[in-house]
Amino acid sequence: MTTPEAEQARPEERLERAVRAAEQALIEYEIAVETFRVEVENFSRLHHQKLGPMYTRLDELEAEIAEATAARTGDPQDVRRAQEARARVMPMPGVEELFHGWMDGDGLFPEAVAMLTDQPVRPPQRVRPSDEVRKLYRELARKAHPDLAQAEDERQRREEFITRVNAAYARGDEGLLRELAEEWAAGPAPAERAPSPSEELYARLEWLAERKEMLAHLARELEESAIGEMLRLAPDDPDALLEEIAEKLLADVATREAELAALQG
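Residues numbered from 1 in each chain as written. Predicted model: local features only at pLDDT ≥ 70, side-chain atom pairs only at ≥ 80, totals over all residues. Heavy atoms only, no water.

### Here we look at the overall build of the protein chain
- Within the protein chain one finds 10 helices and 2 strands.
- Secondary structure elements in the protein chain, listed N-terminal to C-terminal, are α-α-α-β-β-α-α-α-α-α-α-α.
- Buried positions account for 34% of the 265 residues belonging to the protein chain.
- Considering only residue pairs separated by 6 or more positions, the protein chain has 71% of its internal contacts joining residues 24 or more positions apart.
- Total accessible area on the protein chain stands at roughly 16,500 Å², and carbon and sulfur atoms take up 55% of it. (Helix = DSSP H or I, 4+ residues; strand = E, 2+ residues; numbered from the N terminus. Buried < 20%, exposed > 50% of the residue type's maximum accessible area, 1.4 Å probe, protein only. Contact = heavy atoms within 4.5 Å. Areas by Shrake-Rupley, 256 points an atom, 1.4 Å probe, with all protein chains shown as cover.)

Put into structure tokens, the structure is as follows:
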């Protein structure tokens, strides 16, 4: 026979199960968003590092071709086009360009911070970290995620630890991730969840829903960005896409150089 006390406890127990399920779902979603954010950021940096000089060379060739054409024809329209092409090669530098390689709109790059604090400079090696690195990252994120904390001091400890985990993953540093895994295993065990009133459980569900909406907004921004669109072209091997773009740019450079040589010959 079911007691009145048991009947009263059931709704709260179901609510607790719903909160736990929502927490795990949010963690998995946040891991997915973070892994994609790292790919977008790494692709952007490597795209600039590897292909930036080729784009610069193409702009310079376009300007020289336009200038050679204007010198040959003397046409005012050709002169105007040459001036516009040259202006694109030498734009007025902005703050970010003056501090190229050091900062962007969000502040100093991690590499710059490392240099200023005498830490080793370790830029990402690939757009997508290795399978082992991704596996280590997911395991650590699931174990140490701040959303699993109940007490504020435990949340702060987890947030600081996950920040270090995210930085190691962004660099694809497998060795450091293994060290962090050992550090977490040796640390204090997560505190047991204390029973919560129904009102707190409802508040928790609301917070989880808000958090997921924020992550969904970030995911949409990443997917709709120029780099996100490029990554869609090669979801299985984004590093190969960089090589493909580089080959095309080299071919374009060769074509423009031949065109310029013909005009100057």
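### Looking at the packing of aromatic side chains
- Taken as a whole and assessed by the stated rule, the structure comprises 2 aromatic pairs.
- Ring centres 4.4 Å apart and planes at 25 degrees place the aromatic pair Tyr137 and Tyr169 in the stacked group. Of this pair, Tyr137 sits in helix H5 (residues 131–144) while Tyr169 sits in helix H6 (residues 152–171), and the two are 32 residues apart along the sequence.
- Take Tyr137: its relative accessible area is 4%, and that puts it in the buried class.
- Judged by centre distance (5.0 Å) and plane angle (40 degrees), the ring pair of Phe161 and Trp184 falls under tilted. On the criterion of sequence distance, the pair formed by Phe161 in helix H6 and Trp184 in helix H7 (residues 174–186) is long-range, its members being 23 residues apart. Like Trp184, Phe161 is buried. (Phe/Tyr/Trp six-rings, centres within 6.5 Å; stacked < 30°, edge-to-face > 60°.)

### Considering the side chain of Glu60
- Looking at the element boundaries, Glu60 is found in helix H1 (residues 4–73).
- Given the relative accessible area of 19%, Glu60 is considered buried.

### Comments concerning the confidence of the model for the protein chain
- Chain-level statistics for the protein chain give a pLDDT mean of 81 and a share of 79% at 70 or above.
- Mean pLDDT per element in the protein chain: helix H3 (residues 95–98) is the minimum at 44, and H5 is the maximum at 91.
- In the predicted structure, residues 92–102 sits below a pLDDT of 50 and forms 13 contacts with residues beyond four places in sequence or in another chain. (pLDDT = per-residue confidence, 0-100.)

### Here's the deal with H6
- Here H6 contains 20 residues, and its C-alpha end-to-end distance of 29 Å stays within 8% of the 28 Å for a straight helix at 1.5 Å per residue.
- Regarding H6, the residues found buried are Glu154, Arg155, Arg158, Phe161, Ile162, Val165, Ala168, Tyr169 and Ala170.
- Phi for Gly172, located one or two positions after H6, is positive at around 70 degrees. (Expected span 1.5 Å × (residues − 1).)

### What about the packing of H6 against H7?
- Where H6 meets H7, the axes come as close as 9 Å, and the angle between the chain directions of the two elements is 160 degrees. Taken as axis vectors, H6 and H7 run roughly antiparallel relative to one another. By crossing handedness, the relation of H6 to H7 is classed as left-handed. Contacts from Glu154, Arg157, Arg158, Phe161, Arg164, Val165, Ala168, Tyr169 and Arg171 in H6 reach Leu176, Leu177, Leu180, Glu183 and Trp184 in H7.
- When its residues are assigned to classes, the contact of H6 with H7 shows 8 nonpolar, no polar and 6 charged. (Axes fitted to C-alpha atoms, helices over the stretch in contact; angles between N-to-C directions. Parallel < 35°, antiparallel > 145°, perpendicular 65-115°, else oblique. Left-handed = near helix turned anticlockwise from the far one by under 90°. Nonpolar A, V, L, I, M, F, W, Y, C, P; charged D, E, K, R; others polar.)

### Side note on the pattern of salt bridges
- Summed over the entire model, instances satisfying the criterion amount to 25 salt bridges.
- A salt bridge links Arg256 to Glu62, with the nearest nitrogen and oxygen atoms 2.5 Å apart. Within this pair, whereas Arg256 is found in helix H10 (residues 238–264), its partner Glu62 is found in helix H1, the two being separated by 194 residues in sequence.
- With relative accessibility at 25%, the residue Arg256 sits in the partly exposed group.
- In this structure Glu62 comes out as partly exposed when scored by relative accessible area, which is 32%.
- Glu84 is the salt-bridge partner of Arg80, the closest N and O atoms lying 2.9 Å from each other. With a gap of 4 residues between them, Arg80 and Glu84 both fall in helix H2 (residues 76–89), about one helical turn apart.
- The exposure class of Arg80 is partly exposed, given its relative accessible area of 35%.
- When its relative accessible area of 36% is taken as the criterion, Glu84 is described as partly exposed.
- Here the residues in one salt-bridge network are Glu34, Arg37, Glu41 and Arg45, joined through shared partners. (Salt bridge = Lys/Arg side-chain N within 4 Å of Asp/Glu carboxyl O.)

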